[in-house]
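# Fold and geometry: a report
Spelled out, the chains give:
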Protein chains: 2
Amino acid sequence: MGPVVAVVGGGQLARMMAAPAGALDIHVRALVEADDGAAAQVLPDAPVGAADDEEALTRVTRGAQVLTFEHEHVPYALLAGLEADGVAVRPGSRALRAAQDKIHMRRVLTELGVPCPRWAEVNSVADLAAFGDEIGWPVVLKRPVGGYDGKGVRIVHSAQEGADWAAEGALAEETVDFRSELAALLARRPSGQVQTWTTVQTTQVGGVCSEVISPAPDLEDDGAGEAARIARTIAEGLDVTGVLAVEMFHTRDGRLLVNELAMRPHNSGHVTIDATVTSQFEQHLRAVLDLPLGRTEQLVPWAVMVNVLGSQLADPTKAYPELMERYPEAKVHLYGKSVRPGRKLGHVTVTGDDLPHLRRVARAAADLLEGR
Amino acid sequence: MGPVVAVVGGGQLARMMAAPAGALDIHVRALVEADDGAAAQVLPDAPVGAADDEEALTRVTRGAQVLTFEHEHVPYALLAGLEADGVAVRPGSRALRAAQDKIHMRRVLTELGVPCPRWAEVNSVADLAAFGDEIGWPVVLKRPVGGYDGKGVRIVHSAQEGADWAAEGALAEETVDFRSELAALLARRPSGQVQTWTTVQTTQVGGVCSEVISPAPDLEDDGAGEAARIARTIAEGLDVTGVLAVEMFHTRDGRLLVNELAMRPHNSGHVTIDATVTSQFEQHLRAVLDLPLGRTEQLVPWAVMVNVLGSQLADPTKAYPELMERYPEAKVHLYGKSVRPGRKLGHVTVTGDDLPHLRRVARAAADLLEGR
C-alpha cells in the first residue's frame, strides 16, 4: 500500500534499507547482482540484473515512485536517459556525476569554493611530474571512476612510479598531513529541506573504514559546524537528494579539506542506526520520496562503530554465544555475505558514555566475529 | 548462513522480527495465513499454511533450529507431537498451554503463589451464580481459549446475563478496581538466563491496547521491582522460553494482580524497538535460539507508544507528509495491513524527557494515521 522505492544494488546498503522500509510500509525493490546476495536475502522483491542494463533499470522502476542507489556505478548516460523518460532519479544524474567521476567532483567543488586538497587532472607522465614537482612528493593518484574502499587510489613518489595511471588520465592530489579524518552526513529532499547528523571521526586502515566515533572527539563546536556547513554547501550546490556523506581531512593546522563524496547511505553513517532518532537508511528513503525528514539528534553521549573485515570463521554467527555473553550491549549487524579476506561482512555498534570503554568493546566484539 | 527460526503466524509480530533478524543474519521463516499479509510482505521465506495443519508445521520446521510463535493459536496436541519428534518448540507446549487456556493459566499461577484476581471455573449458570453472589457483581467472564484484544471477554451483572458462556464452560473473575494497568516484559533462555525490561503502563480502550508509557509513571521503585519479580516467578515456574509479557492490574489499594499472559513479543513491548538497547523482537530471537540475551536498559527518560486502530484513510501512509512535517521525532510503524474498523494497523513511538508532550505527540501522530 505504501510507496515503492527502486534501489540499484544488492549489497549491505540496500539490505539495511529493509528494516526502516518495513517499519514505514515502504516497498523497496532492489535490482541485485545475485539472488542470494546481502539485500536479496531480506527483500522479497529483488530482481536480478546489471546496473548498466537499460532494460533491467527500466523494469525495476516500473510502478516505483523513485529510483535510487546503493552505489555509484550506473552509467551517467543511462540515468540521464531515464530522467528524460520521466523517471524520478534521486540523486539526479547531474549530482551523481560528481560522485562517479573524481575529476568532475574536484572541478565542481572548486567552483563552489569548497576547500579541497590541491589537485590537478593529469593526462601524461609530464603532467604528473609538473604537479608533483610543484606541490612536493609523494602525490596521491586516483583513477577518476570506479574506485572505492581504497581501490583506485595509490601514493606515488615520482612521476615514473605513477606513469601508467597518469597516461590513462588520473586525478593527482597533494598528500594531506591530517590529525584525523571526519565524515559529515546529511540528507536533502528535492524540495530543499536539509537535516545533518553529528559529524563523526573515521579511521581508515588500508583505505577501508575501520572505526567510526560519533561525535568526532577532537573536533571543537566550531569545527563541527564548519564540517556541516561544507556538506550543506555541496548538497545545495550539486542539488543532491537523499543522503550525502562528505569525507574530510582535519589537517594538523586545523583546516577541513574534502576528500571524497558519496550520495547514498555510507559506512560512516552506520552508527545512526543504533544511536540516533532517524537512521541514515530511513532518512534516505524519506528524502528520495520527498517526505519531511526525521530528527537526527544522537540519543547517547557516544557511539562507536567497528567494521567486521573478513573472518577466520566460515560463518561469523558462530561467534554469537561468546560475543553476546561477553558484550550484551553490542549491536551486531552482519550482512549475510560469504567470507572473503578483508571483505566488509558486518559491523558492531556500541553506545554509552565511556568512550575508551566503548572503543574496546566494539573492537573486541568485531574481533570475535573476525574469528580472532 | 546464520541460524533459521521458524515462526507460526504472519501478522505484525512476525513482521517486526524481520528487522533484528536481518541485522543478526538470522533467517526467519514464517508460516503465514496469506501470501500478502503483514509478515509475508517483508520476509522472502513465508510459506502459506494453517497453524493447525500438522504437515505445514512440520514443513516449516525443516532445517530450522527452533519453532516459535507470534500467536498462541496452535493446538496443544500438535505442539506436543512436534516436541516428541525432536523439534525444539519454544516456548514449549507445557508453558504455552498456560497462555492458550485461561483456566489452566489461573490454576498454575495460583499454584505458583502468584497474586491473581479471585477466580473460579464455571460450568453452569449455578456455578456462575454462586461465584458472583460470593464475591459480588458484576463479574468478568472469559472464554477459556481463543480470545485476544478484548474478544472472548464480557462483564456480566447477573448469572442470567452470563448463562450462555457459563454453560459452555468459562473463567469467572472478580472485577478489579485498578488505578492503572501494567505490563512486565522479560525474556528467558532455555538455559535459564532472564532479562527484564522496565515495567510499563498500558491503557486499554474497549479491551484493546491504546497507549503504553515506559516506565510506568505512577509506579514506585518497589512496585516496579515487585512486577518484575512476579514475571520472573511465572517465567521460571512455567519454564517459559522467549519473551513473556505479564499484564497486571495495579489496584487502588496498591496490590499487583496478574491479568493475562502472552508468551511472545507483545503490544506492550513495542516501545522497546525505539527506546531500549535490545528490542523485544531481537531478544525473542536470541532467547529461542538460546543465545545470550542483550541489555535492556532504556536509552531515554520516557517512551510513549500509541496504537493506530483503524483509519479513515484507505492508505494511512498518505498521512506521512503532514505527520512527518509536524512530528519529525515520531517513529512510525505501519504493518502493511488493509484498513478495517478498529484493526491494529500500526503504532507510533515518541521518546524524550517531557512526558505530557510525548503523549500529545504520539496521540496526534496516530490520529493523523487514523485519518482524524
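For the structure, see preceding data.
Every chain's residues receive numbers from 1 upward, in the order its sequence appears when written. Here the convention is simple: chains get letters from A, ligands get numbers from 1, in the order in which they are written. Per-residue local features of the predicted model are confined to residues with pLDDT of at least 70, and side-chain atom pairs are confined, for both listing and counting, to 80 or more; whole-chain, interface and lining totals are unaffected and use all residues. Water and hydrogen atoms play no part in the side-chain values, which are based on all heavy atoms of the structure.

Further remarks concern the environment of S214 of chain B. Residue and element names in this part refer to chain B. Take S214: it is sitting in strand β11 (residues 208-214). In this structure the C-alpha to C-alpha distance between S214 and A227, which are 13 residues apart in sequence, comes to 14 Å. Contacts are residue-level and defined by heavy atoms, with any inter-residue pair within 4.5 Å sufficient. Residues contacting S214, with those up to four places away along its chain left out, are T198, V200, V271, Q298, P301, W302 and A303. Polar contact is defined as a pair of N or O atoms within 3.5 Å, subject to the rule that within protein one atom must be able to donate a hydrogen and the other to accept it, and that residues adjacent in sequence are counted only when both atoms are side-chain atoms. A distance of 2.6 Å separates the side chain of S214 from the side chain of Q298, its partner in a polar contact. Helix and strand definitions here come from DSSP, where helices need a minimum of 4 consecutive H or I residues and strands a minimum of 2 consecutive E residues; each element is numbered from the N-terminal end.

So, about unusual backbone geometry. The linkage connecting S214 of chain A with the following residue, P215 of chain A, adopts the cis geometry, with an omega of -5°. Structurally, P215 of chain A is set in the loop between β11 (208-214) and α8 (221-237). That bond from R90 of chain B to P91 of chain B is cis: its omega, -5°, falls within 30 degrees of zero. In this fold, P91 of chain B is placed in the loop between α3 (76-84) and α4 (93-100). In this model, D290 of chain A sits at a positive phi of 55°, which is unusual for a non-glycine residue. By the secondary structure assignment, D290 of chain A is in the loop between α10 (280-288) and β14 (302-309). Relative accessibility under 20% of the residue-type maximum defines a buried residue, over 50% an exposed one, and the middle range a partly exposed one, all with a 1.4 Å probe and only protein chains included. Judged by its relative accessible area of 26%, D290 of chain A falls in the partly exposed class.

Attention now goes to empty space enclosed by the protein. Residue and element names in this part refer to chain B. Using a grid of 1 Å spacing that covers the protein atoms alone, one calls a set of points a cavity when a 1.4 Å probe fits there but cannot get out, and a pocket when the set is open and has protein on both sides within 12 Å along at least five of seven lines; lining residues are those with an atom within 4 Å of a point. Grid points are joined across faces, edges and corners, and a volume is the space filled by probe spheres set on the points. Inspection of every chain in the model, using the stated rule, returns 5 cavities of 30 Å³ or more. In this structure, the largest cavity spans a volume of roughly 80 Å³. As for the largest cavity, its lining consists of 14 residues, of which W197, T198, V200, S214 and T272 are closest to the centre. Secondary-structure elements contributing two or more residues to the lining of the largest cavity are β8 (178-188) and α9 (271-275).

With that out of the way, let us pick up the relation of the copies chain A and chain B. Taken together, a rotation about one axis and a shift along it account for how the two chain copies relate. When chain A is fitted onto chain B, the two copies agree to an RMSD of 0.0 Å after a turn of 180° and an axial shift of 0.0 Å. Here the copies are linked by what is in effect a two-fold axis. The fraction of interface residues of chain A whose copies in chain B are also interface residues reaches 100%, indicating that both copies meet through the same surface. Fitting of the copies onto one another was done by least squares over C-alpha atoms, counting residues only where both copies have pLDDT of at least 70.

All right, on to the packing of aromatic side chains then. Residues and elements named next belong to chain A. Under the pairing criterion, centres of Phe, Tyr and Trp rings, with the six-membered ring standing for Trp, must be within 6.5 Å; the plane angle then separates stacked pairs below 30 degrees from edge-to-face pairs above 60, leaving the rest tilted. A complete count under the given rule lists 2 aromatic pairs over all chains for this structure. An angle of 20° between the planes, with centres 5.1 Å apart, marks the rings of F178 and F249 as stacked. With F178 in strand β8 (residues 178-188) and F249 in strand β12 (residues 242-251), this pair connects stretches of sequence that are 71 residues apart. Assessed through its relative accessible area of 29%, F178 is described here as partly exposed.

Our focus in this paragraph is the interface of chain A and chain B. Contact with chain A, which involves 44 residues of that partner, is made by 44 residues of chain B. Overall, the association of chain A and chain B removes approximately 3500 Å² of surface from exposure, summing both partners, and the carbon and sulfur fraction of that is 59%. Just to be clear on terms, a salt bridge is a Lys or Arg side-chain nitrogen sitting within 4 Å of an Asp or Glu carboxyl oxygen. At the junction of chain A with chain B, the criterion picks out 4 salt bridges. Notably, a salt bridge pairs E282 of chain B with K331 of chain A, separated by 2.7 Å at the nearest N-O pair. Summed over the shared surface of chain A and chain B, the number is 12 residue pairs in polar contact (both at pLDDT 80 or more). Taken together, the elements giving at least two residues each to the side of chain A that touches chain B come down to α1 (12-24), α10, α11 (320-326) and β15 (331-334) of chain A. Here the side of chain A that touches chain B gets 5 residues from one element, more than from any other, and that element is α1 of chain A. Charged residues are taken to be Asp, Glu, Lys and Arg, nonpolar residues to be Ala, Val, Leu, Ile, Met, Phe, Trp, Tyr, Cys and Pro, and polar residues to be all remaining types, Gly included. Taken together, the residues of the side of chain A that touches chain B break down into 23 nonpolar, 10 polar and 11 charged. Once two parts are joined, some of their accessible surface, as seen by a 1.4 Å probe, is lost; buried area is that loss totalled over both.

Turning next to the packing of helix α3 (residues 76-84) of chain A against helix α4 (residues 93-100) of chain A. Residue and element names in this part refer to chain A. Between α3 and α4, the shortest axis-to-axis distance is 10 Å and the interhelical angle comes to 165°. With respect to each other, α3 and α4 are oriented roughly antiparallel. Two packed elements cross with a definite hand, and for α3 against α4 that hand is right-handed. Each of Y76, L79, A80 and E83 in α3 lies in contact with α4, whose residues at this interface are S93, R94, L96, R97 and Q100. Only the stretch in contact is used when a helix axis is fitted, and all axes are lines through C-alpha atoms; the angle between N-to-C directions ranges over 0 to 180 degrees. Any angle from 65 to 115 degrees is called roughly perpendicular, while one under 35 is roughly parallel, one over 145 is roughly antiparallel, and all others are oblique. Handedness of each helix crossing follows the sense of rotation of the near helix against the far helix: counterclockwise by less than a right angle gives left-handed, clockwise gives right-handed.

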